[in-house]
Amino acid sequence: MIADSYNRIHDYLRVAITDNCNFRCSYCMPQEDISFLPHNKLMSVDEIVAISTTFVKMGVKKIRLTGGEPLVRTDGAEIIKRLSTLPVELTLTSNGFLIDRFIDVFADSDIRSINISLDTLQPEKFLKLTRRDAFNKVWNNILLLLNKGIYVKLNVVAMKGINDDEINDFVSITKDLPLHVRFIEFMPFDGNYWNKDKVLPASDILQNVEESFSFIKIKDEINDTAKKFKPLNHEGTFAIITTMSQPFCNTCNRIRLTADGKVKNCLFSSGEVDLLKAFRNGDDITGMIQMHFAEKHKERGGQFPSNYEYTDTARINNRSMIKIGG
Ligand code: SAM
Ligand code: SF4
């Protein structure tokens, strides 16, 4: 069991299998000096499976593959297939571009739910945000997943002046499609030019939706990060991930493993522990994991003021999101 000093039990592992990506979302990666890890610094397939297995023995019940873009790894199919033999719920977060190539792998590996990131429904804006002309490809892949009966959550990073005019368009697509839209408040990471004025807080999102839709609050699961709502007579739902305006750290059960094998006890932790180096040296990593979680801060890596509007990004010591794995 991986516990911390606030009695939180951590049983959900998010593994970044690469820090590389075929998109260039500015909120996720620094615009300048982008360099990706050399092959020998990345965890190999065997290392991913072995380290994940250690976590499973310590109580992990769910594994999410992320990155970077997890599906750009040429051995991605092997990683998915091998992890699917572990006694866990296996899932992934993807930008959607390569989904069609993996659709049979998902079926063979019993993947039932996938999170796809999509911040706009407008092809031209998509090109500006991701620097790739790929809206139609991603949208068709979302429809393909639905056709195959996979539960799809759509991650939308909500940003003022960027996509705040599309909140109701996203809710509208849940009318006839069983999609689960999740608006994520924009978070600060290394090099992403965050400032408080770009955050579209949950209160603004709800006010916006209220003007056009009738909806009810639906029950959240104990470790959910999203507050969920159901528009009346819609196939799908929408939710808000309120990391900035209403943090949900008291029920956190997440463990993050970076593509270079470092464990982080929080998305915003400044500290990390090099499990891959220890593993390659033949050391036992169990104690290192326990100790790192014993030191976990109560809230947001101990790096944020309670009111996000006073956040001073110069004082936050962390990686960029693409180097952590969301
Ligand atoms: N490439 C995959 C994708 O885009 O879904 C997986 C990795 S991405 C880092 C994981 C999630 O983090 C995505 O849903 C992305 O939108 C989200 N994300 C990245 N930067 C963010 C930020 N600054 N604030 C909020 N969410 C962010
Ligand atoms: Fe790539 Fe995902 Fe980051 Fe966009 S959000 S740059 S798709 S890792």
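As the structure is a prediction and not an experimental result, all values here were calculated from the model.

Calculation notes
Residues numbered from 1 in each chain as written. Chains lettered and ligands numbered in written order. Predicted model: local features only at pLDDT ≥ 70, side-chain atom pairs only at ≥ 80, totals over all residues. Heavy atoms only, no water. Buried < 20%, exposed > 50% of the residue type's maximum accessible area, 1.4 Å probe, protein only. Helix = DSSP H or I, 4+ residues; strand = E, 2+ residues; numbered from the N terminus. Arc of directions from axis to C-beta. Contact = heavy atoms within 4.5 Å. Pairing = 2+ DSSP bridges. Axes fitted to C-alpha atoms, helices over the stretch in contact; angles between N-to-C directions. Parallel < 35°, antiparallel > 145°, perpendicular 65-115°, else oblique. Left-handed = near helix turned anticlockwise from the far one by under 90°. Salt bridge = Lys/Arg side-chain N within 4 Å of Asp/Glu carboxyl O.

A few words now on helix 2 (residues 76-83). Considered for burial, the residues of helix 2 that qualify are Gly 76, Ile 79, Ile 80 and Leu 83. Seen along its axis, helix 2 keeps its buried residues to an arc of 95°; they face one direction. In this structure, the buried side of helix 2 is in contact with helix 1 (45-57), strand 2 (62-66), strand 3 (89-94) and helix 3 (99-108).

A few words on the sheet that holds strand 3. Here 12 strands make up an open sheet; going across it, the order is 7-8-9-6-5-4-3-2-1-10-11-12 and the pairing mixed. Both outer strands of the open sheet, strand 7 (215-217) and strand 12 (273-274), are each paired with one neighbouring strand and no more. Of the pairings in the sheet, the one linking strand 1 (residues 12-16) to strand 10 (residues 254-257) comprises 4 bridges and is parallel in character. Across the sheet, the residue bridging to Arg 14 is Arg 256, located in strand 10. Against the sheet, helix 1 engages strand 1, strand 2, strand 10 and strand 11 (262-264), with an angle of about 165° to strand 1. Contacting strand 10, strand 11 and strand 12, helix 9 (residues 286-294) crosses the sheet at an angle of about 30° to strand 11.

Looking now at the packing of helix 1 against helix 2. Taken N-terminus to C-terminus, the directions of helix 1 and helix 2 make an angle of 25°; their axes are 10 Å apart at the nearest point. On the basis of their axis angle, the class for helix 1 and helix 2 is roughly parallel. Here the hand of the crossing between helix 1 and helix 2 comes out right-handed. Counting all contacts with helix 1, which are made through Val 45, Asp 46, Ile 48, Val 49 and Ser 52, the residues of helix 2 involved are Glu 78, Ile 79, Arg 82 and Leu 83.

So, on to the pattern of salt bridges. One pass over the structure, following the stated rule, counts 16 salt bridges. Between Arg 82 and Asp 46 there is a salt bridge, with its nearest N and O atoms 2.8 Å apart. Of this pair, Arg 82 sits in helix 2 while Asp 46 sits in helix 1, and the two are 36 residues apart along the sequence. For Arg 82, a relative accessible area of 29% translates into the label partly exposed.

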